[in-house]
Amino acid sequence: MIGGVAKRYASALFQIAKEKNQVKQFEEELRIVKQVFVENQKMLQILEHPKVLLENKKSLVNEAFSSLSAEIINTLLLLIDRHRIRLVPELVDNFVELANEEQQTAEATVYSVRPLKDEEKQALSEVFAQKVGKKSLKITNIIDQNLIGGLKLQIGNRIFDGSIKSKLERIGRNLAKSS
């Protein structure tokens, strides 16, 4: 039930973003909101606490997110009014999913032993977006020294593993089978 509610809020906000031609801006702002809620559990506790006055909750949201679009703030205030502020992370995820579908893009996580340069990210996006039927990828780069070398790329539930660590593990398994 909760998933459907978050989807409805995300869908409504997405429609407003499309009408205003601000999908990218709303997405960026919503990612910030989600990060604040995920990293600051105390804020969520205050916004959900039944003894904290509604006006104080709204004041906190207005102050914390004053630099964001009025539509984003109004959505947060509406969620407070309806005692559904806990839906924010899920609402953001749903909005991002809608934005990605609209832009024919996908979220991708690339694990590497060193930070990737912009042109490397672009090249990965071009090659792997085609493999998953998208125009482009939004790449998040995570440094993982355990890979030894190479890359591991995750798009949704698909993993493309070209790391040296995984190649060595495959060789090890093959040697174990043959002996």
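The residue count restarts for each chain, going from 1 along the sequence in the order it is written. pLDDT decides what is reported in this predicted model: residues at 70 or higher carry local features, side-chain atom pairs at 80 or more are listed and counted, and totals for whole chains, interfaces and linings draw on all residues regardless. As a rule here, side-chain values come from all non-hydrogen atoms in the structure, and water together with hydrogens is ignored.

Caption draft 1: Spotlight on the pattern of salt bridges. One speaks of a salt bridge when a side-chain nitrogen belonging to Lys or Arg is within 4 Å of a carboxyl oxygen belonging to Asp or Glu. Under the criterion given, the structure shown has nine salt bridges. Two residues, Arg31 and Glu107, come together in a salt bridge whose shortest N-O distance is 2.7 Å. Of this pair, Arg31 sits in helix α2 (residues 23-39) while Glu107 sits in strand β1 (residues 105-112), placing them 76 residues apart in sequence. Under the relative-accessibility criterion, Arg31 is labelled partly exposed at 34%. The rule is simple: take the accessible area with a 1.4 Å probe, protein chains only, and divide by the maximum for that residue type; under 20% is buried, over 50% is exposed, in between is partly exposed. Overall, Glu107 belongs to the partly exposed group, its relative accessible area being 30%. A salt bridge links Asp81 to Lys58; the shortest N-O distance between them is 2.8 Å. Of the two residues, Asp81 is situated in helix α5 (residues 70-81) and Lys58 in helix α4 (residues 54-64); the sequence distance between them amounts to 23 residues. Residue Asp81 is classed as partly exposed on the basis of its relative accessible area of 33%. Helical segments are the DSSP runs of H or I of at least four residues, strand segments are the runs of E of at least two, and each set is numbered from the N terminus.

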